[in-house]
Amino acid sequence: MLKSFKELSHHPRIQEKGRNKVQRGKGRKLQKCVHQMTSSHFSLMAVLRLVALFPIFFLIFAAALPEVKVQQEKDEPYVGVNIGTDISKFLPPAKLVSFLQQQKVTHIRLYDADPDILKALSKTKIRVIISVPNNQILGIGSSNTTAANWINRNVAAFYPDTLITALAVGDEVLTTVPSLSSMLMPAIESLYSALVASNLHTQIKISTPHASNIILDPFPPSQAYFNETLSPVIVQLLQFLSRTNSPLMMNMYPYYVFMQNKGVVPLDNSLFKPLTPSKEMVDPNTLLHYTNVLDAMIDSAYSSMKNLNVSDILVLVTETGWPSKGDSKEPYATIDNADTYNSNLIKHVLDRSGTPFHPEVTSSVYIYELFNEDLRSSPVSEANWGLFYANSTPVYLLHVSGSGEFLANDTTNQTFCVAMDGVDGKTLQTALDWACGPGRANCSEIQPGESCYAPNNVKNHASYAFDSYYEKQGRAAGSCDFKGVAIITTTDPSHGLCVFPGSKIISNRTDTVVNSTNATSGVDASRFIGTRPCKDVVHFLKFLAEKQRRR
C-alpha cells in the first residue's frame, strides 16, 4: 500500500515508457498554507475576510498563489479522442464523421492534416487538432515559404467551415526524434507567423505534444523538473506558449507508470478508483493528497513549469488511455481495466475536479484512441488502445452515466445497429429486404399501422430491421454491417411509441422494464407498464387508441 510519495522518492525514477511512434511517434510553508486555505476546508469568503482584516496578508497571499488562469465557463473541460489511421480497413471520411456525430464526439485530434477528413468535418460542430508529422518539421523549420504553404493548404483552405482549434507540431519530438530538436522552435515560429499572416493566430493555437518523460523525478509532483538537457528548447517553447496563450501538450499514461512500478503504485490509484484516505498518495512537501496517478502527473508538469518561473500556461493532455489487450508480459492490459480507466477518466474530467495543486483548473484530455489500430507493431497492446474496433463495434461498453452526452451518455449494455447516413435508398432497400427475409429479422413493427411504421421511409425501416437482426445475433461482431450500410451507435433510436429491439427503456423514456427484443405485432403491456403505474396505464391506453385509429 502506497501512503506517501516518500516510497517513490527512493524508487528508480518513474518515467513513462516511451512509445515507439515515428510520426506521433519557504516559501514552501506559505505555499502549503495557501493550498490548504484554498482547499475544501476553507471557503473563498473566509480568505477574503482575512484580506479585509489584514491587508498585508493580501500581498503575501497574492505572491504565493499559483497564477494559472481560472477556468471560465466558456472554457469547459472536455474529453476528446485521438484518431490513428494504422488500420487495414479505415472508415471512409464521410462515414467516420457520421460515426463521430452519432457518438456525440465533439473534439478530435488527427496525427496529420488529412484533407478528406477535414473536408468531411466541414459545417459540423466537431473541433479538431491537426498535426504536422515529424518528417515535415525539418522542411517547415527551414523555410518560411514552406510553412506558409502548409498553413494555406491545411488550415486556411478549410477554416472556418472546419473548426480547426490547434496545430500539434510533431509528436514527442524531444524524446523520439532528438535530432529534430533544434528545428522544433523554428518550425513552430514559422507556422505561427503564417497564421498571423492569415489572421488566424487568435483562433488557432500552436503547441507540440511531449512524452511525460521530459519531466524528471515526477513523484512527488512538487519536486518535478524538466530534463535539463532539454532546457534550451523547453525554455523557448514555454516563452512562446505564454506569449500566445497556448497550452503545454502532454501525453500521459498512468498505465506505463503502473507497469514500471508494480508494488509501488497501486492499480486502484492508476484507475481512478475510489480510495480511503489511508490509500491516498501524499506529497510530503505540500501535504496535498492525490487520489489518482493522472492528477499527480499533471501537477508534476505544473511544478516543472513553476521551477522555470512559468505559471500562466495550462496543461492539455493530448494522449491518455489504457490498452484492452496485451501479451503475457502485459497482464493488466484487459478490457475491464481499460473500461474502468476510461470511464472514470471521463467522469473525472467532466466533474471539473481539477488537481490538488490547481483545483480551479481541469485539464481537458484526449483519449488514446478511438479505434484499435490493427497494423501497429508489437507488443500486442500497441494495437489495442481503441474504444472501438475498426468496423465501429465497441471493444467494451463505457460506464459514463451522468457525464453529459459524450459517447451518447450511458453506453452500458446499450448498443444499437442502425442505417448509416448518406446511403442511397436502393442500397438500403436491398439490405432491408435481406434482413427481413433470409436474415429472419422481426420486421412486424414496421408494417403499416404498427408502432414503428412512421416515419414511412426506407432509412427508418432499415434501421429497425438492422437492429432486430443485430439483437437476434447477440450483438456479435460483424452482425451490424449489411455490406457497409449499417453502423453501431450507443444512442437509442427509439422514438415516440416505437421501441427498438435493443432498447431497455419503456416508451415514456424513464422507467427500465424489460428488453423488447421479443416484441411482436401483438400488444405486450409489460413493455409499457413500469414503476409509475398511473402514468404508465394512461400511456398504454393512448397506445391502444392510436393502434385502433390506424386500423
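The rules behind the values
Residues numbered from 1 in each chain as written. Predicted model: local features only at pLDDT ≥ 70, side-chain atom pairs only at ≥ 80, totals over all residues. Heavy atoms only, no water. Disulfide = S-S within 2.5 Å. Helix = DSSP H or I, 4+ residues; strand = E, 2+ residues; numbered from the N terminus. Buried < 20%, exposed > 50% of the residue type's maximum accessible area, 1.4 Å probe, protein only. Pairing = 2+ DSSP bridges. Contact = heavy atoms within 4.5 Å. Axes fitted to C-alpha atoms, helices over the stretch in contact; angles between N-to-C directions.

Engineer: Would you mind going over the state of the cysteines with me for this structure?
Structural biologist: The bond known as a disulfide is covalent and runs between the sulfur atoms of two cysteines. If you walk through the whole model with that rule in mind, you get 3 disulfides. One disulfide bridge connects C417 with C480, the sulfur atoms lying 2.1 Å from each other. Between C417 and C480 the sulfur-sulfur dihedral comes to about 85°; the bridge is accordingly right-handed. Placement of C417 in strand 14 (residues 416-419) and of C480 in the loop between helix 17 (458-472) and strand 15 (486-489) is noted, with a sequence separation of 63 residues between them. Looking at C417, the relative accessible area reads 0%, which means it is buried. Linked covalently through their sulfurs, C436 and C443 form a disulfide whose S-S length is 2.0 Å. The sign of the S-S torsion, about -95°, decides the handedness of the disulfide formed by C436 and C443: left-handed. Judged by its relative accessible area of 32%, C436 falls in the partly exposed class. Taking relative accessible area as the criterion, C443 reaches 9% and is therefore assigned buried.

Engineer: Please explain the pairing of strand 9 (residues 248-251) as it appears in this structure.
Structural biologist: Walk down a regular strand and you will see the side chains alternate between the two sheet faces. Side chains L248 and M250 of strand 9 all project onto a buried face; the interleaved residues M249 and N251 project onto the opposite face, where all are buried too. Alignment of strand 6 (residues 210-211) against strand 9, held across 2 bridges, turns out to be parallel. By the bridge assignment, H210 is partnered in strand 9 with M250. Across 4 bridges, strand 9 lies against strand 12 (residues 315-320) in parallel orientation. Residue M249 lies in a different strand from strand 12, and its bridge partner there is L316.

Engineer: Where do I start with the sheet that holds strand 12 in this structure?
Structural biologist: An order of 5-4-3-2-1-13-12-9-6 is seen for the 9 strands of this open sheet, with the pairing classed as parallel. Each having just a single partner strand, strand 5 (205-207) and strand 6 make up the two edges of the open sheet. Examined bridge by bridge, strand 1 (residues 79-83) and strand 2 (residues 107-110) share 3 bridges and lie parallel to one another. The partner of V81 across the bridge, within strand 2, is I108. Of the strands in this sheet, strand 5, strand 6 and strand 9 are in contact with helix 11 (residues 231-244), which crosses strand 5 at around 170°.

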